[in-house]
Each structure stands twice: as C-alpha cells, then as structure tokens.
Amino acid sequence: MIARYALLPLLLAALATPSAAHQVASSAAHGPLRDDEPVRGWTILSNSEVDDFATIAAAPKYRINHLELSHDVIMDLNEVRDERKLGLVNRLADSAHAVGIREVVLWDHALYELAYYPARFRTGPGGTIDLDDPAFWAWLEQDYRELLDRVPATDGIVLTFIETGARAERQYSRVMTTPQEKLAAVVNAVADVVIGERNLNLYVRTFSYTHADYRAIIGAVDRFRPGVRLLMKETP
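Below is a short write-up of the structure. Counting restarts for each chain: residues are numbered from 1 in the order of the written sequence. For this predicted model, a pLDDT threshold of at least 70 governs which residues receive local features, and a threshold of 80 or more governs which side-chain atom pairs are given and counted, while totals over whole chains, interfaces and linings are taken from all residues. To obtain the side-chain values, all non-hydrogen atoms of the structure were used and water was disregarded.

## Some words on the sheet that holds strand β1 (residues 41-44)
Within a sheet, adjacent strands bond to each other through the backbone by hydrogen bonds, running parallel or antiparallel. For two strands to be treated as a pair, DSSP must find at least two bridges joining them. Secondary structure counts use DSSP, requiring at least four H or I residues in a row for a helix and at least two E residues in a row for a strand, with both numbered from the N terminus. Spatial ordering of the open sheet is given by β1-β2-β3-β4-β5-β6, a layout of six strands whose pairing is parallel. Of all the strands in the sheet, the pair left with one neighbour each is β1 and β6 (229-231). The mean angle between the axes of side-by-side strands here comes to 30°, regardless of whether they run parallel or antiparallel. Direction of pairing for strand β2 (residues 66-69) relative to strand β3 (residues 103-109): parallel, over a ladder of four bridges. Each axis is a line fitted through C-alpha atoms, taken for helices only over the stretch in contact, and angles between the N-to-C directions span 0 to 180 degrees.

The following block contains the structure:
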C-alpha cells in the first residue's frame, strides 16, 4: 500500500546572537504536526549550546513550528545512550517547546554499523545480518523503544535509510530479493514503533548520491507503511 506523504521544505537555521540565549517564553503545548499543517522548519547542527539557545529564542519571530536536531547535536538516535548528548538533546527540546515550537525531531540513520547488532543476527554471508530472522526485527524494534524512552520530549524522527553504515540493501535475505524490499523493511520496522506505537512523526530523507540509490529509494517508497512522510532535500 502506498502511503500519503507530505513534502517538506525546510530552512537551515542561521545561528542567532548569544545575547538572547536563555530568553524563553512560557511552555506551550507540543506534539507531532498533523499532516494537514504546513511545516516551517529550522535545523540546528551545532553543539554550541549558547548559540543553539539563541537560535531557538529567535524562532517565534519566524513562526517556526518544526525544529530538527542533527549533526553535532545528534546524528544517530542511539547516541542518546551518551549522557552528555542526552542532556543536550533534552535541554534543547525543552527550550524549543517553551518558546512555542510545536515539533522537535531528532536525526537518525538505519541501519547503524554492523558491529552495533548482536553477533547472533550476523549469520549471513560475510557476517551480514539475516533479514529473514524474526528475532532480528523484534530486537530492532525493542532497541527503538528503549532509545525513544530516553527522549520523551521528542515529537518525531528524521531517518536516513540509505548510504548508511550497514546498508540494508546489502544484508542477507532469501525472501527479500531486491534492494527496495530490504530498505522498505527497515523503514517500516522503525515506523511500527515511531508511528504505530508512539504516535510520533517519521520523516524519511530521500537524499542520495547516485542514480542507482535513487532508483532503490523510489521502489522502497512504494512499499512504506501509511503515515511515513518524505523529506526532500532540494537545492537551486
């Protein structure tokens, strides 16, 4: 079944001056944006907390309702197991909500490097993951539950699912014979937790470098579960 998608033009945040760093308004209601709401987004890449707070403080002036935390703040969701990273993410999310930014989302990539996954799942040729093993998918979904539990103020995830560590399309399967099927299986497993269980938004980045990867992305998109949103990166 083909999902309904939102196309999301996102603006990259220019860091504001640090003088407004901690001037935050009273807390406003927050939560995932509805699919009929326009997205007015900024992305914070820097882990300079003073500058990050200044950027957040400037957001109401531009009617920002969607904030992405990425790169030096967080690139993979499993980084929230690092207490330092976790503290920064939670402070920024709380500050964003306090000034009225409805939705704060964290960047993630799937799959991570092969070594992240228990050896009992890496039984395919060359130590690849056996995607036909139901226990792997159960483990993956539980991992996402535990990671999301550490960031309760988060309203969604921005997922890069191609050109990542243990590329899904290179893992072993007798059942899934195409890159498109394998990529979609990973996205749908994440979506089952993020959307299906937590009622958060999942934005899937279609960014890639090669025509072959774009062909794989297009085929995977057709297999995404309902509710997955596409995030297009376009440049003039």
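## Some points on the pairing of β1
Partly exposed residues are those whose accessible area sits between 20% and 50% of the maximum for their type, while under 20% is buried and over 50% is exposed, using a 1.4 Å probe and protein chains only. Judged by which residues are buried, β1 turns out to be covered on both faces: G41 and T43 on one side and W42 and I44 on the other are all buried. The pairing of β1 with β2 spans four bridges and is parallel. Its bridge partner lying in β2, W42 is registered against L67. The crossover handedness rule: strands pointing away from the viewer, path from first strand over the helix to second strand clockwise, crossover right-handed. Taking the sense of rotation as the criterion, the β-α-β connection linking β1, helix α1 (residues 49-58) and β2 turns out right-handed.

## A closer look at the nonpolar core
L69, L77, L202 and F224 are the most contacted members of the largest nonpolar core, which has 65 residues in total. Tallying contributions element by element places helix α4 (residues 179-197) first for this core, with eleven residues. Remark: nonpolar core denotes a set of buried residues (Ala, Val, Leu, Ile, Met, Phe, Trp, Tyr, Cys) joined through side-chain atoms within 4.5 Å.

That is the geometry; function is a separate question.
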